[in-house]
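Chains, contacts and geometry: an overview
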4 protein chains.
Amino acid sequence: MKIDRMQAFSDGVYAILITILVLDFKVPDYHAGSLLMAVLRQWPTMFAYIVSFLYVGTIWLFHHDFFQTLKETNTGLNVINLVMLFSVTLIDYPTALVANTLISQNRTDMQVAFVYYDIIALFISFTFAWLYTYVRNHPEMTRMKSDQPTFYQAIKYDPVRSVLIYGAAIVATFFSIWLGAFLLLAGVGYHFVAYLRLSKSMQKSIREANNGEYK
Amino acid sequence: MKIDRMQAFSDGVYAILITILVLDFKVPDYHAGSLLMAVLRQWPTMFAYIVSFLYVGTIWLFHHDFFQTLKETNTGLNVINLVMLFSVTLIDYPTALVANTLISQNRTDMQVAFVYYDIIALFISFTFAWLYTYVRNHPEMTRMKSDQPTFYQAIKYDPVRSVLIYGAAIVATFFSIWLGAFLLLAGVGYHFVAYLRLSKSMQKSIREANNGEYK
Amino acid sequence: MKIDRMQAFSDGVYAILITILVLDFKVPDYHAGSLLMAVLRQWPTMFAYIVSFLYVGTIWLFHHDFFQTLKETNTGLNVINLVMLFSVTLIDYPTALVANTLISQNRTDMQVAFVYYDIIALFISFTFAWLYTYVRNHPEMTRMKSDQPTFYQAIKYDPVRSVLIYGAAIVATFFSIWLGAFLLLAGVGYHFVAYLRLSKSMQKSIREANNGEYK
Amino acid sequence: MKIDRMQAFSDGVYAILITILVLDFKVPDYHAGSLLMAVLRQWPTMFAYIVSFLYVGTIWLFHHDFFQTLKETNTGLNVINLVMLFSVTLIDYPTALVANTLISQNRTDMQVAFVYYDIIALFISFTFAWLYTYVRNHPEMTRMKSDQPTFYQAIKYDPVRSVLIYGAAIVATFFSIWLGAFLLLAGVGYHFVAYLRLSKSMQKSIREANNGEYK
């Protein structure tokens, strides 16, 4: 099965998702002359937007690179991809919850919003672990030849690390909300760093498999 | 007429549709400190979202596989495809209605919402029956050679089965709302199972027509 | 300049436009048990949605076919295409106005909504006239060789006819609102019929230019 | 790394962004019979929409042409592109603020909205300067051979000019709000003119590199 349309559809979903996040910015209620204060009070919306844009953007960059290492798709991968997309679409809502609770600053509500975000991030990490396992068990789908085992050896603990970080974030949130928030940010930052590392490794593998040329 | 742009446009519509379903998640009105309860009370929104994501996702997977069996499009198919897309875009609204009525738990309103969903599902199944009939009558559009009749023989009752399930769901809703809901879910589940079966059959047909290679 | 990305971008805009029209369906305010009446009272939203879906869908089908007759784009065509897309994005708002005024049934407001829709339809027709004129003056951009003059001869009055229909619709709306509405619907219906006719003619031209084959 | 999916994803983001701008048009509250006045009072929404559509449209046209001069992408360019897309998605919100404050006509609020728009425009210009610098330092990514230095010589002051215009707009807004608005419009107009100039120059370069043919 050709992989082009699956990529096009996924690109579409990521593009929409990353763009409709912006709909969380709503013109606030304000008294004439006090728009500045009203806009400044929206800093959590901007903050949550930056984090989620970075998060979804990193996932897309990863998706972009990873699917380039595959030469075809099949029914199983289509279903896993759909579940991955589903998990990523869920990030919009906790983003809005985090922004809202940071504005109202109620401790209990912030915990709920942060833990919600953590749970979705755990779910996303789980779908990645599923994807890795599936592709490793179907080496005929991949373009990488020689060093494929090395490649999967290098990344196989990435989802486990994500799960540990977000799991720790959930636990921490009940004791110190700011430690919880820090761990959540660390998780998103970790994905970005992991992408940069993965990206180099994937490019190298494909280049070697193709003798330095892209097909 | 080349089929690429028609697929790209359809992919776009499906990608948007499946993603804007997520806009149904709205930050609820809640008293400070009670966000958890407010979020938990939104379970019907999550439930309806999961069902509709699965439904639209399955339709996209099917569309993806089925149009791969075609080698060109024409004015007739363009129009049928547009009507199909139209029917699928209608699913967003009853999804919201189902979520809302499950929250307010009024029996009469739930019946209205479920029957609305069933009617749109019937409409979608009808456009699929139309598509099958049209393509079967235009064998020159397809890549599948030898076993095309077998293929259409295998799937021709699928829309009829869908119509029966959703028809039964409508009737049942008036007697037992939960039986109606069960039949509606059975309909969506049936599409997913039917896709998995179809997918194998379509892949086999294309592979044989191409002597094992994709073009 | 390659035309692929321009088509991809345009497909994206049309796909989004035709899909976000569906956001006009909002769960109505209703008393428990009276959802059915509330939903039935929304018939103008469904009606306006069907008309605008047909309208935007027809414009996309036309765009799809017409740009297949071109082999490259240039800065001028890019700008015209952007203005065309702009004009089409404007249709969402009068669609909502028409639906709203049909619900509240105030004669003056309905006239405003219908005339607004007519003006946007006039604007869209004008951008099509601009596109035709531009491409006719740049025959080097087209794939059609021999019968290009015949082709443009056949379609050159189409935008003029649209302008006449929508102009008549505007005038009529002030005397009889239903005649105005009828002419507006006639305009949208005319585009669909014109597309079916054009589609055949464009396909024939490309086929002949390519000796029966698509490139 | 192939550049196709990066373009497709970017096209998707631009297409969505330019289309959801239209969601700012909301059916106003109005008394029966006074829809006309209510719609006319929305002129700032139309005005802000036209400006932002032209702005985002110009950026897309530029993106479309510029990325055609590149033959591959890499991790660095992917990250810069993501930051560019992020900066452009931010334009929706100040567009809505400008429209709102033009309606309520409070001088302080208008200053806030204009300066917000200017700051986002500065940010966008900065990402362009970053992109130019990066690609100039990675000549192996480009298709343009001979006159690449000339090309970057010609455009290298464009982002500097933008920064000066928007910087002047910010300062001016505090003294004369209309001069500030004029400079903001001049900035957007300047991008469009700069695109038309760039477009010719880029086309010429690619054509020469390919001996008059596109690959």
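Residues numbered from 1 in each chain as written. Chains lettered and ligands numbered in written order. Predicted model: local features only at pLDDT ≥ 70, side-chain atom pairs only at ≥ 80, totals over all residues. Heavy atoms only, no water.

1. Re the overall build of chain A
As a reminder of what qualifies: Secondary structure elements are taken from DSSP: a helix is a run of H or I of four residues or more, a strand is a run of E of two residues or more, and numbering for both begins at the N terminus. Three exposure classes are used, based on accessible area relative to the maximum for each residue type with a 1.4 Å probe and protein chains only: buried under 20%, partly exposed in between, and exposed over 50%. Working rule for contacts: check all heavy atoms of both residues, and any pair within 4.5 Å makes them a contact.
Broken down by element type, chain A carries nine helices and zero strands. When the helices and strands of chain A are listed from N to C terminus, the series reads α-α-α-α-α-α-α-α-α. The 215 residues of chain A split such that 60% are buried. Long-range contacts, defined as pairs at least 24 residues apart, comprise 79% of the intrachain contacts of chain A with a sequence gap of at least 6.

2. What to know about the packing of aromatic side chains
We apply this condition: Between rings of Phe, Tyr and Trp, where Trp is taken as its six-membered ring, a pair exists when centres lie within 6.5 Å; planes separated by under 30 degrees are stacked, by over 60 edge-to-face, and by other angles tilted.
With the rule as written, the count across this model stands at 64 aromatic pairs over all chains. Aromatic ring contacts, followed pair by pair, group A:Phe25, A:Tyr49, A:Phe53, D:Phe86, D:Tyr93, D:Tyr116 and D:Phe123 into a single cluster.

3. Considerations on the interface of chain D and chain C
Put simply, the rule is: Computed with a 1.4 Å rolling probe, the buried area is the accessible surface lost when two parts are put together, summed over both parts. Salt bridges are identified by distance alone: a Lys or Arg side-chain nitrogen within 4 Å of an Asp or Glu carboxyl oxygen. Two N or O atoms form a polar contact when they lie within 3.5 Å of each other; inside protein one atom must be a possible hydrogen donor and the other a possible acceptor, and for residues adjacent in sequence the pair counts only when both atoms belong to side chains. By the convention adopted, Pro, Cys, Tyr, Trp, Phe, Met, Ile, Leu, Val and Ala count as nonpolar, Lys, Arg, Asp and Glu as charged, and the other residues, Gly among them, as polar.
At the junction of the two partners, chain D supplies 43 residues and chain C supplies 34 residues. Each partner contributes to the roughly 3200 Å² buried at the junction of chain D and chain C, and carbon and sulfur atoms together form 73% of this total. Joining chain D to chain C, the criterion identifies zero salt bridges. Where chain D meets chain C, there are six residue pairs in polar contact (both at pLDDT 80 or more). Within the residue set of the side of chain D that touches chain C, elements represented by two or more residues are helix 1 (4-20), helix 2 (35-40), helix 3 (43-68) and helix 9 (177-209) of chain D. Tallying contributions element by element places helix 3 of chain D first for the side of chain D that touches chain C, with 13 residues. Across the side of chain D that touches chain C, the residue classes break down as 25 nonpolar, 13 polar and five charged.

4. Digging into a nonpolar patch on the surface
All names here are of chain A. Here is the rule we go by: Nonpolar side chains (Val, Leu, Ile, Met, Phe, Trp, Tyr) are joined into patches within 5 Å and like charges within 9 Å, using only residues with over 30% relative accessible area and no salt bridge. For every accessible area listed, the method is Shrake-Rupley and the probe measures 1.4 Å; residues are considered covered only by the protein chains on display.
A cluster of nonpolar side chains, Leu 36, Met 37 and Leu 40, forms an exposed patch at the surface whose accessible area comes to about 290 Å². Mapped onto the elements, Leu 40 comes out in helix 2 (residues 35-40). Of the residues examined, Leu 40 reaches a relative accessible area of 49% and is grouped as partly exposed.

5. Quick look at the relation of the copies chain B and chain A
What counts here: A residue counts toward the fit only if its pLDDT is at least 70 in both copies, and the copies are then superposed by least squares on the C-alpha atoms of those residues.
Superposition record for chain B on chain A: RMSD 0.0 Å, screw rotation 90°, translation along axis 0.0 Å. In short, the pair behaves as if placed about a four-fold rotation axis. A share of only 5% of interface residues in chain B that are also interface residues in chain A marks the association as one of differing surfaces.

6. Side note on the environment of A:Pro159
Residue and element names in this part refer to chain A. Within the secondary structure layout, Pro 159 lies in helix 8 (residues 158-175). According to the relative accessible area criterion, Pro 159 is buried, its value standing at 7%. Considered as a pair, Pro 159 and Leu 85 are 74 residues apart in the sequence and their alpha carbons are 16 Å apart. In this structure, Pro 159 is in contact with Ser 125, Phe 128, Ala 129 and Tyr 132, ignoring residues within four places of it in sequence.

7. Here's the deal with the interface of chain B and chain A
In this complex, chain B contributes 43 residues to the contact, which on the side of chain A involves 34 residues. Taken together, the two surfaces of chain B and chain A that pack against each other cover about 3100 Å², and 73% of this comes from carbon and sulfur. At the boundary of chain B with chain A, the tally comes to zero salt bridges. The interface formed by chain B and chain A holds six residue pairs in polar contact (both at pLDDT 80 or more) in total. Contributing elements (two or more residues each) for the side of chain B that touches chain A: helix 1 (4-20), helix 2 (35-40), helix 3 (43-68) and helix 9 (177-209) of chain B. In terms of residue class, the side of chain B that touches chain A is made up of 25 nonpolar, 13 polar and five charged.

8. Some words on the relation of the copies chain D and chain C
Its rotation angle being 90°, the transformation that places chain D on chain C also includes 0.0 Å of axial translation and leaves an RMSD of 0.0 Å. Mapped onto chain C, only 5% of the interface residues of chain D are again interface residues, and the two copies thus contact each other with different surfaces.

9. Some details on a positive patch on the surface
For the record, the criterion: In this charge count, Lys and Arg are treated as positive and Asp and Glu as negative; neither His nor the chain ends contribute. Charge coordinates come from a single atom per side chain, which is NZ of Lys, CZ of Arg, CG of Asp or CD of Glu.
Residues A:Lys26, B:Lys26, C:Lys26 and D:Lys26 make up a contiguous surface patch of positive charge. Note on placement: C:Lys26 falls in the loop between helix 1 (4-20) and helix 2 (35-40). In this structure C:Lys26 comes out as exposed when scored by relative accessible area, which is 55%.

10. Details of the confidence of the model for chain A
Residue and element names in this part refer to chain A. Quick reminder of the rule: pLDDT: the predictor's confidence for each residue, scored from 0 to 100.
Of the residues in chain A, 90% reach a pLDDT of 70 or more, and the chain-wide mean stands at 85. Within chain A, the element-level pLDDT minimum falls on helix 7 (residues 148-155), averaging 67, and the maximum on helix 6 (residues 107-136), averaging 92. The ipTM for the predicted assembly is 0.85, set against a pTM of 0.87.

11. Examining helix 1 of chain D
The test is simple: A helix's residues, less one, multiplied by 1.5 Å, set its expected span.
Given a rise of 1.5 Å per residue, 17 residues ought to cover 24 Å, and the 24 Å separating the end C-alpha atoms of helix 1 of chain D matches this to within 8%. Within helix 1 of chain D, 15 of the 17 residues are buried, which leaves it mostly tucked inside the rest of the structure.

12. Observations regarding the pattern of salt bridges
All names here are of chain B. One pass over the structure, following the stated rule, counts two salt bridges over all chains. Among the ionic pairs, Arg 161 bridges to Asp 158, the shortest N-O distance being 2.8 Å. Here Arg 161 and its partner Asp 158 are both found in helix 8 (residues 158-175), three residues apart, which amounts to about one turn of the helix. One salt bridge in this structure joins Arg 197 and Asp 158, with 3.1 Å as the shortest N-O distance. Placement of the pair is Arg 197 in helix 9 and Asp 158 in helix 8, with a sequence separation of 39 residues. Of the residues examined, Asp 158 reaches a relative accessible area of 5% and is grouped as buried. By sharing partners, the salt bridges in this structure join Asp 158, Arg 161 and Arg 197 into a single network.

13. Quick notes on the UniProt feature "transmembrane region" (unreviewed entry) in chain A
Defined as follows: UniProt positions are given in the numbering used here, feature names are shortened, and annotations may be inferred rather than shown by experiment.
As recorded in UniProt, the sites labelled "transmembrane region" (unreviewed entry) are residues 6-25, 46-63, 83-103, 115-135 and 163-196 of chain A. For residues 6-25 of chain A, the helix share is 75%, the strand share is 0%, and the end-to-end C-alpha distance is 31 Å.

14. Let's talk about the packing of helix 1 (residues 4-20) of chain A against helix 1 of chain D
The criterion, for reference: Note on geometry: axes are C-alpha line fits, over the in-contact stretch for helices, and angles between N-to-C directions span 0 to 180 degrees. When describing relative orientation, an angle under 35 degrees is termed roughly parallel and one over 145 degrees roughly antiparallel, while 65 to 115 degrees is termed roughly perpendicular and anything else oblique. In this scheme the handedness of a crossing depends on how the near helix is turned from the far one: anticlockwise by less than a right angle means left-handed, clockwise means right-handed.
Taken N-terminus to C-terminus, the directions of helix 1 of chain A and helix 1 of chain D make an angle of 40°; their axes are 9 Å apart at the nearest point. Between helix 1 of chain A and helix 1 of chain D, the angle falls in the class oblique. Once helix 1 of chain A is placed against helix 1 of chain D, the crossing between them reads as right-handed. For the pair helix 1 of chain A and helix 1 of chain D, the contacting residues are A:Gln7, A:Asp11, A:Tyr14, A:Ala15, A:Ile16, A:Ile18 and A:Thr19 in the first and D:Arg5, D:Ala8, D:Phe9, D:Gly12, D:Val13, D:Ile16, D:Leu17 and D:Ile20 in the second. Its residues assigned to classes, the contact of helix 1 of chain A with helix 1 of chain D comprises 10 nonpolar, three polar and two charged.

15. A closer look at unusual backbone geometry
Its identity is not glycine, yet B:Gln105 carries a phi of approximately 60°, on the positive side. Inspection of the secondary structure puts B:Gln105 in the loop between helix 5 (92-104) and helix 6 (107-136).

16. Considering the packing of helix 5 of chain B against helix 6 of chain B
Residue and element names in this part refer to chain B. One can describe the packing of helix 5 onto helix 6 by two numbers: an axis separation of 9 Å at closest approach and a directional angle of 160°. Taken as axis vectors, helix 5 and helix 6 run roughly antiparallel relative to one another. Relative to helix 6, helix 5 is oriented so that their crossing is left-handed. Contact residues: helix 5 offers Tyr 93, Pro 94, Thr 95, Leu 97, Val 98, Thr 101 and Leu 102, while helix 6 offers Asp 109, Met 110, Ala 113, Phe 114, Tyr 116, Tyr 117 and Ile 120. Here the residues of the contact of helix 5 with helix 6 sort into 11 nonpolar, two polar and one charged.

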